[in-house]
Structures are given as structure tokens and as C-alpha cells.
Amino acid sequence: GMMGLLDLKSDWQTAQPPLTGLSQVADLPAVSLGTLWSSYDKLWLYGGEFSDDPDEPALPNSLWEYDIASKKWSEIADPHTVAGPNSQPAGQNVERAAEGAGYSVAALGMGWYFGGHLDYYTTPGWSKQVPRLYLRSFLEFTFPGQSNPNIAAGSSNSGGAVGSNGAFRNITEAGIQDTAGFTERADGILIYVPGFGEMGVLLSLGGGTDKTFTQMNVVDVFDIKTSQW
């Protein structure tokens, strides 16, 4: 894929947007259905799946950081979790998921990826004979240099700003998240609503698996400060 810059300070025709190509690094993965989290000066590429035509087996997971001012990519290889409320323990490998719901809030210094799936095109060593695994896990990423009250004491860089690699929490059992009615889902969206709770809430809308689809008569709400669905 390519990354392009579009100058929004000038008029342009929708049929011919004046995109300027930006330099990429050879190792940057060509993936789709991941997310691009954004702060005021950086972007982070998380997740996504490799090509199925032509067939492109998945590479080990890395987080890719783009510095907007210098126009340079850098790799945060082999990310692992830190601990916190309703999270998996510290030190666990962060998997690459695809087709989940990604969102970020620069003012909070955080991004999220909810649900999605794992399969041969996301995960090294996955057999094509093993069915796709749909997820209801909730991945939280605290941007480098930002603080997060939910990073547990004793975790890397807790109590203040996280380090240059940022910090991941994998939230899996939060409120209704581990109940049967809280379904696995891909293809949904997240929406941030400020003003509720101390840090705002996220709404999960839509999504499903290859067999079921989440109905819009139920909207799952995640409170960011309490890490609770």
C-alpha cells in the first residue's frame, strides 16, 4: 500500500485529489483492516491482515510509529502487555488482530482496538485448517509520554508517563465482557462520547462473526476510567 499527504488548506476536486506520496520503509507491512491511531504529532499502525491473493503469510506482530514532522516510520517490535484493572497480566505477547473497531483520542493520549479476528493472515504459525477466531477482547494503547491511571503499580513506567514504546493493556473480563450475551465481533465501530464518567465512554456499535451479527437493539458501553463494560 501507499501513504499519501492531502493538503486541506487548498481547494481540490474530488475526482483528482492532489495526494503527495510519502516515503515508506521496506519492512512496513502491507495490511488491511487494521487501525491508525493518532496523537497531535504521531501515528501508530496496529493490526490488519496480509494479502490472500496473492497469498502472503503473516509476519510477527510489530507496532509501527510514524513521526509526522520528520515523515519517518519506526518499528516497535514484539510489543507486550502491562497490567491493570480487568487486564491480562503483564508481559503477555500482543497479537495482531484484523477487522476490529479502532479509535483514538489525542486529548487522552490513548487508542483502542475492539474485537476483530485472528487467522492465517494475521498470526504467524496459524494453520489454514484452523478456523478463524473471532474476538471480544479490548486492546488499549497508551501513547508514548502519556500517563494512564489504569496502568498497575509495578508495571513498566507506571505512576507517570509511559516510555517511548507506549503501553498496551489487553482487557478481557470487564463487567459484562465475560458473559455469554457479550458476543465476539468483527466489522463493528467504536464511538467516543466525552462528558460521561471521568474520562468519557466508548460505544460499540454493530459487528459480528461469519454466523451472527450484533443487533443494534443493544449498545455496549465502555467506561474508560473504570475499565468496565
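Residues numbered from 1 in each chain as written. Predicted model: local features only at pLDDT ≥ 70, side-chain atom pairs only at ≥ 80, totals over all residues. Heavy atoms only, no water.

1. Concerning the pairing of strand β6 (residues 72–77)
Step number 1: Here strand β5 (residues 62–67) pairs with β6 via 6 bridges, running antiparallel. Bridge assignment links Leu63 to a residue of β6, and that residue is Ile76. (Pairing = 2+ DSSP bridges. Helix = DSSP H or I, 4+ residues; strand = E, 2+ residues; numbered from the N terminus.)

2. Notes on the environment of Val25
Step number 1: Structurally, Val25 is set in the loop between β2 (20–21) and β3 (35–38).
Step number 2: Relative accessible area serves as the criterion here: at 33%, Val25 is assigned to the partly exposed category.
Step number 3: Val25 sits 127 residues away from Ala152 along the chain, and the two C-alpha atoms are 35 Å apart. (Buried < 20%, exposed > 50% of the residue type's maximum accessible area, 1.4 Å probe, protein only.)

3. Looking at the sheet that holds strand β13 (residues 189–193)
Step number 1: Strands sit in the order β13-β14-β15 across an open sheet of 3 strands; the sheet is antiparallel. Each having just a single partner strand, β13 and β15 (220–223) make up the two edges of the open sheet. On average, adjacent strands in this sheet sit at an angle of 25° to one another, irrespective of strand direction.
Step number 2: Sheet analysis places strand β14 (residues 201–205) next to β15, joined by 4 bridges and oriented antiparallel. If you follow Ser204 over to β15, its bridge partner there is Asp220. (Axes fitted to C-alpha atoms, helices over the stretch in contact; angles between N-to-C directions.)

4. Re the side chain of Asp223
Step number 1: Within the fold, Asp223 resides in strand β15.
Step number 2: Buried charge Asp223 goes without a salt bridge, the closest partner of opposite sign being Lys225 at 7.6 Å.
Step number 3: Looking at Asp223, its side chain comes within polar contact range of the main-chain nitrogen of Lys225, at 3.3 Å.
Step number 4: In this structure the side chain of Asp223 is engaged in a polar contact, spanning 2.9 Å, whose partner is the backbone nitrogen of Thr226.
Step number 5: In this view, Asp223 contacts Phe196, Gly197, Gly200, Val201 and Gln228; residues no more than four positions away in its chain are not counted. (Lys, Arg positive; Asp, Glu negative; His and termini not counted. Salt bridge = Lys/Arg side-chain N within 4 Å of Asp/Glu carboxyl O. Polar contact = N/O pair within 3.5 Å; in protein donor to acceptor, adjacent residues only side chain to side chain. Contact = heavy atoms within 4.5 Å.)

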